[in-house]
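The chain contents come next:
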Amino acid sequence: MDKFIYLDHAATTQTKPEVVDAMLPYFTEFYGNPSSVYKFSNKGKEAILNARTTIANSLNTEVTNIYFTAGGSEADNWALKATAEAYSAKGKHIITSKIEHHAILHTCEWLEKQGYEITYIDVDENGILKLDQLEKAIRPDTILVSVMFANNEIGTIQPIKEIGELCKKNGVLFHTDAVQAYGQLPIDVEALHIDMLSASGHKLNGPKGIGFLYIRKGVKIRSFVHGGAQERSRRAGTENLPGIVGFGKAVEIAFETMEARAKHETELRDYVMDKVLAKIPYTRVNGHKTNRLPNNINFSFQFIEGESLLIMLDMAGICGSSGSACTSGSLDPSHVLLAIGLPHEIAHGSLRLTLGEENTKEEMDYVIDQLKRIVERLRSMSPLYEDYIKKQSK
């Protein structure tokens, strides 16, 4: 059998068998529309409540603050667009960071065309938001700050509590895109002063096509999808019953296993980073060395192209990526790597490997060996590398 090592868990994860088993009855046996009034629909209503309760408990919030969506991108769009509409009388100024997911950045670009002003805060060389710059950027007409919990490309975890405190002190709503962090890190929305939070099922071994937006009680944002009274009249459309059930089960498993999973993934992460840096010269780790997601590794290799590296890794049976799955077809260097100060030529040689609980040390040894072999081969074909070595030898 051909070797297969999956190291792109930030793009998506395998749906756990237990999750699939939990979902199946809601396709064929308990398929009633949860919004119907007859008894047959009660099983669906109960299942949705159970999933909503599981998710609410994981965030230390009330059940009524969880609203199901079709995924993280919809939740991000809802948080930004609906806040902009609902609070436009107070102001039209929104703050975000330069390293957000495109679900946030492209929504902000759209809002700018509608007359809103967006301030994009810088990050340092590790990808950590500059808090002093954020504090100075908040104005009387600022209505929202949106900063991701942890970056999807370089894994850096943001100072969410400090951001939340700043927003609370200034009477500004705080939204965080927690799509990569939810299920990987403990999150208490009360302790962190988070007003809205986005998450997605398929990032934590749940099904695709389901997510949620946490909205703190008292936040007066309106419906995003119109046409029905579902989700307490805030998000129309027949509920994705199997997806919601699967999401709830995935969350249950993720939070039960979080501590052991994080320990395992952190050990593998650090092992790979240390070995690659020791064995492959002219390599750097992108993002904070320790203040990062347990499963995230991001390298830049000088004198090579990331696309060629990915193709050759694929030929060796290894699945990785050069950045966000949403921009995998783009030839432009990562906006995240440019924001942390990397020049274009180094940003182009990036590789993101994101681990899962099933990955092993033996697999990592194979990956390290293949990386060394492939990088050496690509550099041997690079005139830039040849010129650099000649200059170094003089």
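Treat the numbers as computed from the prediction; the structure is a model and nothing was measured. (Residues numbered from 1 in each chain as written. Predicted model: local features only at pLDDT ≥ 70, side-chain atom pairs only at ≥ 80, totals over all residues. Heavy atoms only, no water.)

### Some thoughts on unusual backbone geometry
With the exception of glycine, most residues fall at negative phi, and the peptide bonds are largely trans.
And step 1. Positive phi, normally seen in glycine, also occurs at Ser-233, with a value near 65°.
And step 2. Look at Tyr-282: it is not a glycine, yet its phi comes out positive at around 55°.
And step 3. Counting through the fold element by element, Tyr-282 comes out in the loop between helix 9 (241-279) and strand 9 (283-285). (Helix = DSSP H or I, 4+ residues; strand = E, 2+ residues; numbered from the N terminus.)

### What to know about empty space enclosed by the protein
A water-sized probe rolled over the atoms picks out the places where empty space is left.
And step 1. Scanning the model with the defined rule gives one cavity of 30 Å³ or more in all.
And step 2. Space inside the largest cavity adds up to approximately 250 Å³.
And step 3. What lines the largest cavity is a set of 26 residues, and nearest its centre among them are Thr-13, Gln-184, Lys-203, Asn-205 and Arg-261.
And step 4. For the lining of the largest cavity, the leading source of residues is helix 9, giving six residues. (1 Å grid on protein atoms, 1.4 Å probe; cavity = no way out; pocket = protein on both sides within 12 Å on 5 of 7 lines; lining within 4 Å. Points joined across faces, edges and corners; volume = space filled by probe spheres on them.)

### Structural notes on the environment of Ala-236
And step 1. Turning to its location among the elements, Ala-236 is positioned in the loop between helix 8 (230-233) and helix 9.
And step 2. Here the alpha-carbon distance between Ala-236 and Thr-69, two residues 167 residues apart in the chain, equals 9.7 Å.
And step 3. When residues no more than four places from it in sequence are discounted, the contact partners of Ala-236 are Val-225, His-226, Gly-227, Gly-228 and Gln-230. (Contact = heavy atoms within 4.5 Å.)

### With respect to the sheet that holds strand 12 (residues 350-354)
And step 1. One open sheet accounts for three strands, arranged 9-10-12; its pairing is antiparallel. The sheet is open, and its two edges are formed by strand 9 and strand 12, each paired on a single side. Across this sheet, the average inter-strand angle for adjacent strands is 25°, counted without regard to direction.
And step 2. With respect to the sheet, helix 9 is in contact with strand 9 and strand 10 (296-301), its orientation differing from that of strand 10 by roughly 15°. (Pairing = 2+ DSSP bridges. Axes fitted to C-alpha atoms, helices over the stretch in contact; angles between N-to-C directions.)

### As for helix 5 (residues 102-113)
And step 1. For helix 5, built from twelve residues, the straight-helix expectation of 16 Å at 1.5 Å per residue is met to within 8% by its first-to-last C-alpha distance of 16 Å.
And step 2. Tucked into the core, helix 5 has its buried residues touching helix 4 (72-86), strand 3 (93-97), strand 4 (117-121), strand 5 (142-146), strand 6 (173-177) and helix 11 (335-339). (Expected span 1.5 Å × (residues − 1).)

### Brief notes about the sheet that holds strand 6
And step 1. Spatially, the seven strands line up as an open sheet ordered 2-8-7-6-5-3-4, and their pairing is mixed. The sheet is open, and its two borders are formed by strand 2 (66-69) and strand 4, each paired with just one other strand. Between one strand and the next, the sheet's axes are offset by a mean angle of 20°, whatever the strand orientation.
And step 2. Direction of pairing for strand 5 relative to strand 6: parallel, over a ladder of three bridges. In the sheet register, Leu-144 faces strand 6, and the bridge partner there is Leu-173.
And step 3. Where helix 4 meets the sheet, it contacts strand 2, strand 3, strand 5, strand 6, strand 7 (196-200) and strand 8 (211-215), and its direction lies at approximately 160° from that of strand 7.
And step 4. Lying over the sheet, helix 5 contacts strand 3, strand 4, strand 5 and strand 6, oriented at roughly 145° with respect to strand 4.

### Some details on the packing of helix 4 against helix 5
And step 1. For the pair helix 4 and helix 5, interaxial distance at closest approach is 9 Å and the crossing angle is 30°. Comparing their axes, helix 5 and helix 4 come out roughly parallel. In this structure, helix 4 meets helix 5 at a crossing whose hand is right-handed. From helix 4, Ser-73, Asp-76, Asn-77, Leu-80, Lys-81 and Ala-84 reach across to helix 5, where they touch Ala-103, Ile-104, Thr-107, Cys-108, Trp-110 and Leu-111.
And step 2. When the residues that make up the contact of helix 4 with helix 5 are grouped by side-chain class, the tally is seven nonpolar, three polar and two charged. (Parallel < 35°, antiparallel > 145°, perpendicular 65-115°, else oblique. Left-handed = near helix turned anticlockwise from the far one by under 90°. Nonpolar A, V, L, I, M, F, W, Y, C, P; charged D, E, K, R; others polar.)

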